[in-house]
Amino acid sequence: MKLTKALIAAGALASAASLVAACGSGQVGQSGGSGDSANTANSKKLTLVPGVQAEPFYISMQCGAQEEAKKLGYELTTQAPQKFDATMQTTIVNALGANPPAALLIAPTDDQAMLAPIQQVKNRGTKIVEVDTSLQDKSVAASSISSDNTAGGKLAAQTMAKLAGDKPGSVLILDTIAGTSTTAARAKGFEDELKNHPNLKSAGIQFTDNEPDQAASKVTAALASTPDLIGIFATNLNTGEGAATGLRNAGKIGQVNLVGFDASPSEVDGLRKGEYQGLIAQDPAAIGTQGVQQAVAALEGKPVTRNLTAELHSITKDDMDANSKYFYKQSC
């Protein structure tokens, strides 16, 4: 999952219905398009509820999903919360109960708190497909599509070890919000792989509530308490941006290796500038494409694959141009 800034210039949270994005146009969470069709037409309606609005990872996912839905003869609308927040996402999911789509593609923002609202939509006959994140309860979704986040964490640790070379030191792990399945797996994979590199040791995991300013503060504190800090692994965009700010404020850019997760425009720009030394890129468009394929298969009584994984790629400044196809989009 690449979580990123969800600070929308709009004011208070709009009603769930106003968050609908027109199929084939706009970005995640924007309003648009005509009103709901009659219930009799819902057999061709798919709804995507990503983790947060206006985030390049989820925009890229939406683009892949929209293209595949159109190809297969289905209509996809997107509704997204303003923040990566279970309460906000629950409001959106609950509103679907009045006019449930044929299938719901969703990135649960909490692996336990989102169980009840998603189950209620399923009870109305909607097929459930998890994209990016998943519930702890594996009985709800027909299919789950995500990156292998544990493997992504391990790849990040391997990248960190290459960047550090033989130099010994400590590495800080910045996670987002406890209960987020994807970032928790990344952090665990990173810590597990770090044990295979004896010159590096973990400085522990710090949670940031997915707020860049908190990530910056954690970095400032770690620099003061851990003199041998040689690297930071940021499990998503917001933690990475906050970490870069903390390093910049301390005059440590380039001196402490920063490996981030995802390849949003701001992260790619940071990699080019030397603020990041490595990025672990997912393939969100493929997750969206496969999510629609599995939803349609479930609706049409065709075989469904319970768990699918998308590829991950380690990118450094030296090879970033060759890997530009993995950079995330800001619009479809």
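Scroll up for the structure.
In this text the structure is predicted, and so the values were computed from the model without any measurement.

Participant: Explanation requested: helix 4 (residues 149–164) in the structure shown.
Facilitator: Across its 16 residues, helix 4 extends 22 Å between first and last C-alpha, which sits within 8% of the 22 Å expected from 1.5 Å per residue. Looking at helix 4, one finds that the buried residues are Asn149, Gly152, Gly153, Ala156, Ala157, Thr159, Met160, Ala161 and Ala164. Of the residues flanking the end of helix 4, it is Gly165, one or two places downstream, whose phi is positive at about 65°.

Participant: Sorry if this is basic, but what is going on with the packing of helix 1 (residues 56–72) against helix 9 (residues 284–299) here?
Facilitator: Packed helices, taken two at a time, are described by the angle their axes make and the gap between the axes. Here helix 1 crosses helix 9 at 40°, and the two axes come no closer than 6 Å. One element, helix 1, and the other, helix 9, form an angle in the oblique class. Here the hand of the crossing between helix 1 and helix 9 comes out right-handed. Taking contact as the criterion, the partners of Phe57, Ser60, Met61, Gly64, Ala65, Glu68, Ala69 and Leu72 in helix 1 are, on helix 9, Pro284, Ala285, Ile287, Gly288, Thr289, Val292, Gln293 and Val296.

Participant: Any chance you could explain the sheet that holds strand 7 (residues 200–207) here in plain terms?
Facilitator: Sheet strands pair via backbone hydrogen bonds, and the direction of the pair is either parallel or antiparallel. Taken in spatial order, the six strands line up as 7-6-8-9-10-12 in an open sheet, and their pairing is mixed. Pairing within the sheet leaves two strands with one partner each, and these edge strands are strand 7 and strand 12 (313–315). Sheet twist, expressed as the average angle between the axes of neighbouring strands with direction ignored, equals 20°. Pairing of strand 6 (residues 169–175) with strand 7 involves six bridges; the strand directions are parallel. Opposite Leu174, over in strand 7, you have Gln206 as the bridge partner.

Participant: Got a minute to help me understand the sheet that holds strand 1 (residues 45–49) in this structure?
Facilitator: Pairing within the open sheet is parallel, and its six strands lie in the order 2-1-3-4-5-11. Across the chains shown, the open sheet's two edge strands, defined by having one partner strand only, are strand 2 (75–78) and strand 11 (307–310). Ignoring which end each strand starts from, the neighbouring axes of this sheet average 20° apart. Two strands pair when backbone bridges link them, and strand 5 (residues 143–147) and strand 11 are joined in this way by four bridges, in the parallel orientation. Residue pairing in the sheet places Ile145 in a bridge with Leu308 of strand 11. Contacting strand 1, strand 2 and strand 4 (127–131), helix 1 runs over the sheet at an angle of about 160° to strand 2.

Rules of the game
- Residues numbered from 1 in each chain as written.
- Predicted model: local features only at pLDDT ≥ 70, side-chain atom pairs only at ≥ 80, totals over all residues.
- Heavy atoms only, no water.
- Helix = DSSP H or I, 4+ residues; strand = E, 2+ residues; numbered from the N terminus.
- Expected span 1.5 Å × (residues − 1).
- Buried < 20%, exposed > 50% of the residue type's maximum accessible area, 1.4 Å probe, protein only.
- Axes fitted to C-alpha atoms, helices over the stretch in contact; angles between N-to-C directions.
- Parallel < 35°, antiparallel > 145°, perpendicular 65-115°, else oblique.
- Left-handed = near helix turned anticlockwise from the far one by under 90°.
- Contact = heavy atoms within 4.5 Å.
- Pairing = 2+ DSSP bridges.

Fair warning: the whole summary comes from geometry, so function is off the table for now.
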